[in-house]
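# Observations on chain architecture
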Amino acid sequence: MGEELDSDGAKMAARLDLPSKYVIIGEPTENKLVAGQKGTLVFRITASGKSGHSCNPEKGDSAIHRLIKYIGQWLETDWASDSVFGQTTLNFGKISGGSGMNVIASTASVEGIFRVATSVNEIKNIIQTLDVEKIDVDYLSESEPIHLYTVDGFENSIVSFGSDASYLRPLGKILLYGPGSIDVAHCDDEYIRISDLERGVQDLENIVGKLIKETSI
C-alpha cells in the first residue's frame, strides 16, 4: 500500500515483529536480480510573488516567471554521479500556479524527484548553493542508494527506479526481482509478456529454494 506515494504500507510492515530473514519485492526487473537501487529525493518548490493585471507587469511580481528561472538553474546543474549507480537524474513531474492568463501569478509550485546516485545530503548541499529569494524548497521524502541481496545463477542489474526496499530492510535481506520492463511502466501500453511471467514463476521457485538452503547451512 502506498508504494507509489510515501510507502506507508512498507513502513508499517517494517514495524511488525515478523520472523523473516529475506524479503522479495516484485518489480519489473526484466527477470534479473537487482544488485543495487538508486536513492530518491522527492521535493516541492514553491515560488511567491505579487498579483496584478498582466498589462502592468512592472507593478506585480510573477511567481511563475520566478519559478521558471529557478528550475532552469536546476536543469543546467551537473548533479553528482557514482561509478556504480551512475548519474543522478532529475524530473519535474507536476507544475501549477496562477489564476488566469491575464493575471500576474502570486504563487506557483512544482513537484519532482531526484534519482540519487551518491547521497541525499550531497544533492541538498548543491541545492543550497542555488538559493533564490522568494523560493522555498520542501523535501517530501527521501531514501539513500542501497545495495541489495543476490543469489548465484542470476544476471544482475542496477536500477534507477524506486521501490519499498529502503523501508523493508528491518525485516531481512532484500531481493528485488520480477518480470516486465520499467521502460513501459506508467505508459498507456504498459504490458508484461506471458513468457516472462512463466519464467518469473520458475525463477522465484529457484530463488526461494536457494534462500532455504542458505538458512539451513
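Notes on the structure in this doc start here. (Residues numbered from 1 in each chain as written. Predicted model: local features only at pLDDT ≥ 70, side-chain atom pairs only at ≥ 80, totals over all residues. Heavy atoms only, no water.)

## Thoughts on the sheet that holds strand 2 (residues 33–37)
Convention followed: Whether two strands pair depends on DSSP finding at least two bridges between them. Elements are defined by DSSP. Helices are runs of H or I of four residues or more, strands are runs of E of two residues or more, and each kind is numbered from the N terminus.
Across the sheet, three strands lie side by side as 11-2-12; this open sheet has mixed pairing. The strands lining the two open edges of the sheet, one partner per strand, are strand 11 (146–147) and strand 12 (156–159). The sheet contact formed by strand 2 and strand 12 spans four bridges and is parallel. By the bridge assignment, Val34 is partnered in strand 12 with Ser157.

## So, helix 5 (residues 194–216)
Put simply, the rule is: A helix is expected to span 1.5 Å for every residue after the first. Buried means the residue's accessible area, taken with a 1.4 Å probe over protein chains only, is under 20% of the maximum for its type, while exposed means over 50%, and partly exposed covers the values in between. Contact between two residues is taken to exist if any of their heavy atoms lie within 4.5 Å; hydrogens are not considered.
Relative to the 33 Å expected for 23 residues at 1.5 Å per residue, helix 5 spans 34 Å between its end C-alpha atoms, a close match to the ideal helical length. When we look at burial in helix 5, the residues that qualify are Gly200, Asp203, Ile207 and Leu211. Against strand 1 (22–26), strand 2 and strand 13 (173–177) lie the buried residues of helix 5.

## Brief notes about the environment of Ser143
Mapped onto the fold, Ser143 is located in strand 10 (residues 135–143). Through-space distance from the C-alpha of Ser143 to that of Lys173 is 17 Å; in sequence the pair is 30 residues apart. Excluding its chain neighbours within four sequence positions, the residues that come into contact with Ser143 are Gly39, Thr40, Val120 and Ser166.

## Overview of unusual backbone geometry
Unlike most non-glycine residues, Lys134 shows phi in positive territory, near 65 degrees. Structurally, the position occupied by Lys134 is in the loop between helix 3 (120–128) and strand 10. Notably, His186 is not glycine yet its phi reads approximately 65 degrees, a positive angle. Position of His186 relative to the elements: it lies in the loop between strand 13 and helix 5. Assessed through its relative accessible area of 64%, His186 is described here as exposed.

## Some words on the side chain of Thr40
The residue Thr40 is located in strand 3 (residues 39–48) in this model. Since its relative accessible area comes to 11%, Thr40 is described here as buried. Sequence-distant contacts of Thr40, defined by excluding residues within four places in its chain, comprise Ile113, Phe114, Arg115, Val116, Val120, Ser141, Glu142 and Ser143.

## Structural notes on the sheet that holds strand 10
Note the following rule: Here the axes come from fitting lines to C-alpha atoms, over the contacting stretch only for helices, and the angles between their N-to-C directions go from 0 to 180 degrees.
Read across the sheet, four strands follow the order 7-9-3-10 without closing on themselves; strand pairing throughout is antiparallel. Here the strands that pair on one side only, and so sit at the sheet edges, are strand 7 (89–97) and strand 10. Shown here is a sheet whose adjacent strand axes are inclined to one another by a mean of 15 degrees, direction ignored. Running at roughly 150 degrees to strand 3, helix 2 (residues 63–76) makes contact with strand 3, strand 7, strand 9 (107–116) and strand 10 of the sheet. Packed onto the sheet, helix 3 meets strand 3, strand 9 and strand 10 and runs at close to 175 degrees relative to strand 10.

## Quick notes on helix 3
Note the cut-off: To be clear, the arc concerns the directions from the helix axis to the C-beta atoms.
Residues of helix 3 that are buried: Val120, Ile123, Lys124, Ile126 and Ile127. Seen end-on, helix 3 carries its buried residues on one side only, within an arc spanning 160 degrees. Looking at the buried side of helix 3, the elements it contacts are strand 3, helix 2, strand 9 and strand 10.

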